[in-house]
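So you can see what is in the structure, the chains are spelled out below.
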Amino acid sequence: MTAMVPLLAAKGLRRHFVLQRRGLWQRPVHLRAVDDVSFEIHPGETLGLVGESGCGKSTVGRLLLGLERPDAGEVAFEGRNIIGQKAAQWRAMRRRAQMVFQDPLNALDPRIGLGRQIIEPLQIHAVGDPASHAQRLADALDAVGLPQEVAKRYPHEISGGQQQRVVIARALVLDPSLVVCDEPVSALDVSVQAQVVNLLGRLQRERNIAYLFISHDLKVVRHLSHRVAVMYLGQLVEVADRESLFREPLHPYTQALIAAVPVPDPTRRGRRILLQGDPPSPIDPPSGCRFHTRCPHAQPVCRERVPPLDPAGSQRWVACHLVTRAKESP
Amino acid sequence: MSIASPLTEPAAAPGRARRFLRRYPPLVLLAALFIILTLLISAAADWIAPYHYTTQDLSNRLLPPVFLGGLAQYPLGTDELGRDILSRLIYATRFSVIIAILGTSIGAVLGTLIGFIAAHFRGWVEETLMMLVDAQASMPFMLLALAVLAFFGNSLVLFIVVLGINGWENYARLTRGMVLSASSQGYAVAVHALGATPARIYTRHILPNILSVLIVQFTLNFPATILLETSMSFLGLGIQPPLTSLGQMLGSGRSHLLLAWWIAVLPGTMIFLSTLSISMFGDWLRDRLDPTLRNR
């Protein structure tokens, strides 16, 4: 990956939610869902975004598509800034970037036939005439491996895996260059998960689509991603290509995540790193490094200074005082 | 005797007739038949009524219906001015139906629109509109309607508009709540993410999804409008003679109740049967309109 123009570049994204005041006279509480997150996605690649539930992964996905407005930071998509755009320009950008949701049944209108839902993006963006829509619908169903008669069915009449294929077909009908997949397989059965993941991989190779693949399931992320970003309490702690990240995770949190993935190998026992306690609340995150309350290697400096996301090798970044210091001292 | 029993009965034994009756319960079929009949009679009033509703036969006043010893030329008897009750009933039904349809539709469209506006703009727009809703709901509408009609004078158009204003607050409140909850539903978010305009999301996705509730509200509101119209006409502030409506017939027949009960009872029966039929039909329609219940 040399100096390519990124398809999408997020810089310093921040989103704090204002929660309901607890009492009439108290100050409103801020939930720091996403705090200073920057990354890039290149054409045709999959960036996996992993982290525990509630760490802000999904918010990042929504910020990228402009479904949510960041408090700070910018997103450049295909070279154009998309934050604070007029509604019409935002809609034009919607043709090139789509989303696949976690719960496919919920993402489909229960009262509209699936065929009409798949071609709805074409109608919304006034692409082609009704005659061409029929052809596009047939192609889209073929591409996601669904029989043509699904077009006449309603969402509740087909299986969860088929529903997700319909959602994917709808996302692809406009030929987007980026698809944000927000936990696309976590609501599906394990056997169906593999099919959908393989489908996403095949569609990427055929059409050169870039994915932001949001998931808490490292196995799936490992299977599909070219690069992986690890998120903890609203911040990125490590970004690396798949091989280096899984072979040699640098951040203690990444190490714990990877060690927690069950490995079908009886000889590799006893290497699990157990994290202590629950993740702290994003309403009142810990000072310094947000991970220090659960980190097995925490030092006094971790409590005081926020570690920046520093380069740690080629195409690799990590936010940890210990890793950066180890590099500097020898 | 329970009206709802055919709708709620558990699965019957297989068989084509049984299945048909489970889909279309007999009482609902009866109600639908009655509604259709009422609409047909209203539409064809000019052709099927034996007399005009103002035609008087002063020598044959207060005649009983034919089955109580009346004359064959006046099957349902005559009133105090010798007017044919059958003809008047047909025309009164037509007037009541037209007025109720117009009135209920005005309320439904107005209320739904206000509900959408409140849910879309939120903030002070929503608060103002919902304050109006509460104000309307906390007033006895009958008094308001009487005051308006007494103040501005009685005209048919004003009367229908007043009937329409009755009930809009129900639609507004319902619509606002449902639009708010539907907007956060996955499908609305998904279509928004596809780049759809709010107008498209509201008309193509949210409205069809909340329509069944609005239809139920319509069918609840429709009998209420008929009843309001008949009450107002009964009090003499609604339909004015020589025009006639079911309520107006009921009101003018009241003074002859001891001598000629049929003058009041026949339109009263018509009011009862039509409102009951519409309510039952609406209840059944709600279940049918939900595709997730369709194949049960």
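All values derive from a computational prediction rather than experimental measurement.

### Here's the deal with the overall build of chain A
Helices and strands together make up the secondary structure of chain A, namely 13 helices and 12 strands. Taken against the 2.2 N^0.38 rule, which gives 20 Å for 330 residues, the C-alpha radius of gyration of chain A at 21 Å falls within 12% of a compact globule. Each principal axis of the C-alpha atoms in chain A carries an extent, and together these give about 65 × 60 × 45 Å. Counting only residues that meet the buried cut, chain A has 52% of its 330 residues in that class. Counting contacts in chain A only where the partners sit at least 6 residues apart, residues at least 24 apart contribute 65% of the total. Total accessible area on chain A stands at roughly 15,900 Å², and carbon and sulfur atoms take up 51% of it. When the 42 basic and 33 acidic side-chain charges of chain A are each reduced to a single mean position, those positions are 2 Å apart.

### Regarding the interface of chain A and chain B
In many reports, interface size means the accessible area that the parts give up when they come together. With 21 residues of chain A at the contact, the number on the chain B side is 24 residues. Broken down residue by residue, the surface that chain A buries against chain B is led by A:Arg91, A:Arg111 and A:Ile124, which jointly contribute 28%. In this assembly, chain A and chain B are joined by one salt bridge. Run the count over chain A and chain B and you get 11 residue pairs in polar contact (both at pLDDT 80 or more). Examining the composition of the side of chain A that touches chain B, we find that four residues originate from one element, helix H5 (residues 120-124) of chain A, more than from any other. Here the residues of the side of chain A that touches chain B sort into nine nonpolar, five polar and seven charged.

### With respect to the packing of aromatic side chains
Residues and elements named next belong to chain B. According to the stated counting rule, one finds 13 aromatic pairs over all chains in the structure shown. Taking 6.4 Å as the distance between ring centres and 85° as the angle between the ring planes, the aromatic pair formed by Tyr53 and Phe95 counts as edge-to-face. Of this pair, Tyr53 sits in the loop between helix H4 (45-48) and helix H5 (85-121) while Phe95 sits in helix H5, and the two are 42 residues apart along the sequence. For Tyr53, a relative accessible area of 11% translates into the label buried. The buried category is assigned to Phe95, whose relative accessible area is 17%. Chaining the aromatic ring pairs together yields one cluster made of Phe20, Tyr24, Phe281 and Trp284.

### Focus on the nonpolar core
One finds A:Phe39, A:Ile41, A:Leu64, A:Ile168, A:Leu178 and A:Leu212 to be the most contacted residues of the largest nonpolar core, which totals 95 residues. If we skip the residues at most four places from it in the chain, A:Leu212 touches A:Phe39, A:Ile41, A:Leu47, A:Leu49, A:Gly61, A:Leu64, A:Leu178, A:Val179, A:Val180 and A:Cys181. B:Ala119, B:Tyr187, B:Ala196 and B:Tyr202 belong to the second-largest nonpolar core, a separate cluster that totals 18 residues.

### A few points about the packing of helix H7 (residues 160-172) of chain A against helix H8 (residues 190-207) of chain A
Residue and element names in this part refer to chain A. The contact between H7 and H8 brings their axes to 10 Å, and the two run at 20°. Relative to H8, the element H7 lies roughly parallel. In this structure, H7 meets H8 at a crossing whose hand is right-handed. In this structure, H7 uses Gly161, Gln164, Arg165, Ile168 and Leu172 to contact H8, whose residues at the interface are Val192, Gln195, Val196, Leu199, Leu200, Leu203 and Arg207.

### Thoughts on the pattern of salt bridges
Residues and elements named next belong to chain A. Counting across every chain of the model gives 23 salt bridges over all chains. In this structure, Glu248 engages Arg316 in a salt bridge whose closest nitrogen and oxygen atoms are separated by 4.0 Å. One end of the pair, Glu248, is in the loop between helix H10 (242-247) and helix H11 (252-260); the other, Arg316, is in the loop between strand E11 (310-311) and strand E12 (317-318), with 68 residues separating them in the sequence. Here Glu248 falls in the partly exposed class, since its relative accessible area comes to 42%. Counted as one network, the salt bridges with shared partners bring together Arg15, Arg62, Glu68 and Asp71.

### Looking at the confidence of the model for chain B
All names here are of chain B. Chain-level statistics for chain B give a pLDDT mean of 84 and a share of 93% at 70 or above. Ignoring residues within four places in sequence, the model shows residues 1-9, a span with pLDDT below 50, making nine contacts including any to other chains. Our summary of model confidence lists the complex with pTM equal to 0.78 and ipTM equal to 0.82.

### Focus: the side chain of B:Ser87
All names here are of chain B. With respect to the helices and strands, the residue Ser87 is situated in helix H5. For Ser87, a relative accessible area of 0% translates into the label buried. A distance of 3.0 Å separates the side chain of Ser87 from the backbone nitrogen of Tyr51, its partner in a polar contact. With sequence-adjacent residues up to four places away left out, Ser87 is seen in contact with Ala49, Pro50 and Tyr51.

### Considerations on helix H1 (residues 57-64) of chain A
Residue and element names in this part refer to chain A. For H1, a buried count of six out of eight residues is recorded, marking the element as mostly surrounded by other parts of the structure. Three or more residues of H1 are buried, namely Lys57, Thr59, Val60, Gly61, Leu63 and Leu64. Two residues or fewer after H1 comes Gly66, characterised by a positive phi angle close to 75°.

### Structural notes on the sheet that holds strand E4 (residues 72-77) of chain A
Residue and element names in this part refer to chain A. Ordered by their spatial adjacency, four strands build an open sheet running E2-E1-E4-E5, and the pairing between neighbours is antiparallel. The open sheet has two edge strands with one neighbour each: strand E2 (29-41) and strand E5 (80-81). In the sheet, strand E1 (residues 8-19) pairs with E2 via nine bridges, with the strands oriented antiparallel. Across the sheet, Ala10 pairs through a bridge with Phe39, a residue of E2.

### Some remarks on helix H10 (residues 186-193) of chain B
For the α-helix, the turn length of 3.6 residues means that residues three or four positions removed from each other point alike. Residues and elements named next belong to chain B. For H10, a buried count of six out of eight residues is recorded, marking the element as mostly surrounded by other parts of the structure. Among the residues of H10, Gly186, Tyr187, Ala188, Ala190, Val191 and Ala193 are the ones counted as buried. Phi for Gly195, located one or two positions after H10, is positive at around 105°.

### As for the sheet that holds strand E8 (residues 210-215) of chain A
Residue and element names in this part refer to chain A. Strand order in the open sheet formed by eight strands is E6-E7-E8-E3-E9-E10-E12-E11, and the pairing between neighbours is mixed. Two strands lie at the open edges of the sheet, namely strand E6 (97-100) and E11, each paired on one side alone. Alignment of E6 against strand E7 (residues 178-182), held across four bridges, turns out to be parallel. Within E7, the residue paired with Gln98 across the bridge is Val179. Seen against the sheet, H8 touches strand E3 (46-50), E7 and E8 and runs at an angle of roughly 160° to E8.

### Section: the packing of H5(B) against helix H12 (residues 246-253) of chain B
Residue and element names in this part refer to chain B. Here H5 crosses H12 at 135°, and the two axes come no closer than 7 Å. What the angle tells us is that H5 and H12 run oblique. Along the contact surface, H5 presents Ile85, Arg88, Leu89, Ala92, Thr93 and Ser96, while H12 presents Leu246, Gln248 and Met249. Considering only residue class, the contact of H5 with H12 consists of five nonpolar, three polar and one charged.

What counts and what doesn't
Residues numbered from 1 in each chain as written. Chains lettered and ligands numbered in written order. Predicted model: local features only at pLDDT ≥ 70, side-chain atom pairs only at ≥ 80, totals over all residues. Heavy atoms only, no water. Helix = DSSP H or I, 4+ residues; strand = E, 2+ residues; numbered from the N terminus. Rg over C-alpha atoms; globule rule 2.2 N^0.38 Å. Buried < 20%, exposed > 50% of the residue type's maximum accessible area, 1.4 Å probe, protein only. Contact = heavy atoms within 4.5 Å. Areas by Shrake-Rupley, 256 points an atom, 1.4 Å probe, with all protein chains shown as cover. Lys, Arg positive; Asp, Glu negative; His and termini not counted. Charge placed at Lys NZ, Arg CZ, Asp CG, Glu CD. Buried area = accessible area lost by both parts, 1.4 Å probe. Salt bridge = Lys/Arg side-chain N within 4 Å of Asp/Glu carboxyl O. Polar contact = N/O pair within 3.5 Å; in protein donor to acceptor, adjacent residues only side chain to side chain. Nonpolar A, V, L, I, M, F, W, Y, C, P; charged D, E, K, R; others polar. Phe/Tyr/Trp six-rings, centres within 6.5 Å; stacked < 30°, edge-to-face > 60°. Core = buried A, V, L, I, M, F, W, Y, C linked by side-chain atoms within 4.5 Å. Axes fitted to C-alpha atoms, helices over the stretch in contact; angles between N-to-C directions. Parallel < 35°, antiparallel > 145°, perpendicular 65-115°, else oblique. Left-handed = near helix turned anticlockwise from the far one by under 90°. pLDDT = per-residue confidence, 0-100. Pairing = 2+ DSSP bridges.

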